[in-house]
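Architecture at a glance
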Amino acid sequence: MSGTDASLTISVVICVYTEDRWEDILAAVASVRAQSHPARETLLVVDHNEALRERLLKEYKERQDVRVLANAGPRGLSAGRNTGIAASRGEVIAFLDDDAVAERDWLRHFAEGYADPAVIAVGGRTVPIWASGRRPVWFPEEFDWVVGCTYRGLPPGRVRVRNVLGGNASFRREAFEAAGGFATGIGRDGDKRPLGCEETELCIRLSRARPDAVLLIDDRAVIHHRVPEAREHFAYFRTRTYAEGLSKALVARSVGTDKGLESERRYATRVLPAGVARGLRDAVLARPGGAGRAGAIVAGVLTAAGGYMVGSVRARRGGDSFSVAPVEGGAHG
């Protein structure tokens, strides 16, 4: 295992909330149990759904390496992650979406990143599995973040980044000791409005608490993420980009626009114009979906900008806010 500390202990947290994803949850856990760098444990954190918790307890009662917990905080993904962090025992805590499966070397590539003691977070590459079997022709790769996946414009290889993406990420335990946990009131809450940015806000807070800390993305640490049919439609695309604007406004209000929008400036001034140009070129060459992709990029920018403006006004008036609590526990060893 070249460049990897084989003794590094990694806990994997999977937050779950609905029995509708039962088969996906089982597949996610199975992918963790098959890792070439074995996880110390898998923690399934159930978000205020007692029937699902009971069913999972029954499913994994014979498994010492799988623990089922109830979300100890308010409803939502951030509090669920914080519950998992507090209960975990590993030196590193990794997060996997409940509708994703990790490739066999996922944790091994994370562990390689931590060979450098300055590295405090490592993320990976998330590849979409479209419910229809193929990417909608109008859906631009530059906006794959809309469906929780790695988007076109991120640099390839193992690179330093401002923030990792939450559904495929890992942090040293000391990251949460230095900066606190995920902020509640900013991210996703089950099937309600698809807000985001909680990992962006955490990573910026972490970089402030530990200016010497290095955050990486390694595109060899791959997971495959299911995209349900409902998210393949333009209506969801528009809703999600608007919600991203709302979330970005909250983050920028908290950490300042310099840090809060640092990566977004490059994305908006370089990546997206190139995407529009590609779409228009494809349209001229009569390739399917070219005009649709160019139009979707423009629409995505406009709806995100609209959400950002609305979110900025609300934040100034004190209408939207989020809170950060210290993460207790973590008896690792």
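Before reading on, note that the structure itself is shown above.
Before going into details, it helps to say that this report is about the structure given with it. By convention here, each chain's residues receive numbers from 1 onward along its written sequence. Reporting in this predicted model follows two pLDDT cut-offs: at least 70 for local features of residues, and 80 or more for side-chain atom pairs to be given and counted; totals over whole chains, interfaces and linings ignore these cut-offs and use all residues. To obtain the side-chain values, all non-hydrogen atoms of the structure were used and water was disregarded.

**Examining the nonpolar core**
- If you look at the biggest cluster of nonpolar residues, it comprises 34 residues, and the most contacted ones within it are Val12, Ile14, Leu44, Leu56, Leu96 and Trp106.
- Put simply, DSSP H or I for four residues or longer makes a helix, DSSP E for two residues or longer makes a strand, and each gets a number counted from the N terminus. Of all the elements, helix H1 (residues 22–33) adds the most residues to this core, at five residues.
- The contacts of Leu56, once residues within four sequence positions are left out, are Val16, Trp22, Ile25, Leu44, Val46 and Val68.
- Each nonpolar core is a collection of buried residues, namely Ala, Val, Leu, Ile, Met, Phe, Trp, Tyr and Cys, held together in the definition by side-chain atoms within 4.5 Å. Only protein chains enter the accessibility calculation, which uses a 1.4 Å probe. A residue is then buried if its area is under 20% of the maximum for its type, exposed if over 50%, and partly exposed in between. Grouped together as the second largest cluster of nonpolar side chains are 25 residues, Val13, Leu69, Val164 and Ile217 included. Should any heavy atoms of two residues lie within 4.5 Å, those residues are considered in contact.

**Description of the packing of aromatic side chains**
- Note on aromatic contacts: the rings of Phe and Tyr and the six-membered ring of Trp form a pair at centre separations within 6.5 Å, being stacked when their planes are under 30 degrees apart, edge-to-face when over 60 apart, and tilted otherwise. Applying the stated criterion across every chain, the model contains 17 aromatic pairs.
- Geometrically, the ring pair formed by Trp130 and Phe139 is edge-to-face, given 5.2 Å between the ring centres and 65° between the ring planes.
- On the accessibility criterion, Phe139 (0% relative accessible area) is buried.
- Here Phe176 and Phe182 contribute two aromatic rings whose centre-to-centre distance is 6.2 Å and whose plane-to-plane angle is 40°, an arrangement assigned as tilted.
- We classify Phe176 as buried; its relative accessible area is 4%.
- Ring pairs connect the aromatic residues Trp130, Trp138, Phe139, Phe143, Trp145, Tyr151, Phe234, Phe237 and Tyr267, which therefore count as one cluster.

**Focus: helix H6 (residues 198–209)**
- Here a helix's expected span is defined as the number of its residues, less one, multiplied by 1.5 Å. Here H6 contains 12 residues, and its C-alpha end-to-end distance of 16 Å stays within 8% of the 16 Å for a straight helix at 1.5 Å per residue.
- Counting buried positions over the 12 residues of H6 gives nine, a clear majority of the element.

**Description of the pattern of salt bridges**
- Counted as salt bridges are all cases of a side-chain nitrogen of Lys or Arg within 4 Å of a carboxyl oxygen of Asp or Glu. Enumeration over the complete set of coordinates arrives at 27 salt bridges.
- Glu54 is the salt-bridge partner of Arg53, the closest N and O atoms lying 3.9 Å from each other.
- A salt bridge links Lys248 to Glu244; its shortest N-O distance comes to 2.8 Å. Here Glu244 and Lys248 lie together in helix H7 (residues 234–255), a separation of four residues that amounts to about one turn.
- For Lys248, a relative accessible area of 10% corresponds to the buried category.

**A look at the packing of H1 against helix H2 (residues 50–59)**
- Direction vectors running N to C along H1 and H2 enclose 40°, while the axes themselves pass 12 Å from each other. In terms of axis orientation, H1 runs oblique to H2. As for the relative orientation of H1 and H2, their crossing is right-handed in sense. Contacts between H1 and H2 involve Trp22, Ile25 and Leu26 from the former and Leu52, Arg55, Leu56 and Glu59 from the latter. Only the contacting stretch of a helix is used when fitting its axis, a line to C-alpha atoms as for every element, and angles between N-to-C directions run 0 to 180 degrees. When an angle is under 35 degrees it counts as roughly parallel; over 145 it counts as roughly antiparallel; between 65 and 115 it counts as roughly perpendicular; any other value is oblique. Working rule for handedness: look at the near helix, and if it is turned counterclockwise from the far one by less than a right angle, call the crossing left-handed; if clockwise, right-handed.

**What to know about the pairing of strand E6 (residues 119–130)**
- For E6, a buried count of nine out of 12 residues is recorded, marking the element as mostly surrounded by other parts of the structure.
- Where E6 lies against strand E9 (residues 214–227), 10 bridges are found, and the strand directions are parallel. Looking at the pairing, Gly123 lines up with Ile217 of E9.
- We call two strands paired when DSSP finds no fewer than two bridges between them. Pairing of E6 with strand E8 (residues 168–172) involves three bridges; the strand directions are antiparallel. Opposite Ala121, over in E8, you have Phe171 as the bridge partner.

Geometry only, nothing functional implied.
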